[in-house]
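Structural description and commentary
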Amino acid sequence: MTKRFPQYLSAPLQVLWFEPDELGVVFTCFLFALIYGSFSWALLFIAPWQYSRAKKRYPKGFFRHFLYFAGITRMKGYPSFFEERFFE
């Protein structure tokens, strides 16, 4: 199995002009609009715009750390938040 090495390590993955987390917001809003209709179609444009504005105010990785502190996800390869001593 071979994996393609990225040209630039600091370049984020993008689909059109969206990063993966922004694309998730777009798809979630699209699904919500398909189910509920009417004024929720406006959410398809407003929610990603608001999310990208909020995302620019914080450092990279903020959303993932926020989900970790909220207890929604786990970070693989890192010690627990309450770990006092860590030996490599």
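The present account deals with the structure reproduced in this document. (Residues numbered from 1 in each chain as written. Predicted model: local features only at pLDDT ≥ 70, side-chain atom pairs only at ≥ 80, totals over all residues. Heavy atoms only, no water.)

1. Things to note about the overall build of the protein
- On a plain count of helices and strands, the protein comes out with three helices and zero strands.
- Residues counted as buried form 17% of the 88 residues belonging to the protein.
- Accessible surface for the protein amounts to roughly 8,600 Å². Of this, 65% is attributable to carbon and sulfur atoms. (Helix = DSSP H or I, 4+ residues; strand = E, 2+ residues; numbered from the N terminus. Buried < 20%, exposed > 50% of the residue type's maximum accessible area, 1.4 Å probe, protein only. Areas by Shrake-Rupley, 256 points an atom, 1.4 Å probe, with all protein chains shown as cover.)

2. Some details on the side chain of E22
- Structurally, E22 can be placed in helix α1 (residues 20-36).
- As a buried residue without a salt bridge, E22 has its nearest oppositely charged side chain in K55, at a separation of 4.0 Å.
- Sequence-distant contacts of E22, that is, excluding residues within four places in its chain, are made with W17, Y51, S52 and K55. (Lys, Arg positive; Asp, Glu negative; His and termini not counted. Salt bridge = Lys/Arg side-chain N within 4 Å of Asp/Glu carboxyl O. Contact = heavy atoms within 4.5 Å.)

3. Focus on α1
- Across its 17 residues, α1 extends 24 Å between first and last C-alpha, which sits within 8% of the 24 Å expected from 1.5 Å per residue.
- For α1, the complete set of buried residues consists of E22, L23, V26, C29 and A33. Considered in projection along α1, the buried side chains sweep an arc of 125° and stay on one side of the axis. For α1, the exposed residues lying more than 90 degrees away from the buried face are F27, T28, I35 and Y36.
- Those residues of α1 that are buried are in contact with α2 (40-56).
- Looking one or two residues past α1, G37 carries a phi angle of roughly 65°, positive in sign. (Expected span 1.5 Å × (residues − 1). Arc of directions from axis to C-beta.)

So far we have only geometry, and geometry alone does not tell us how the molecule works.
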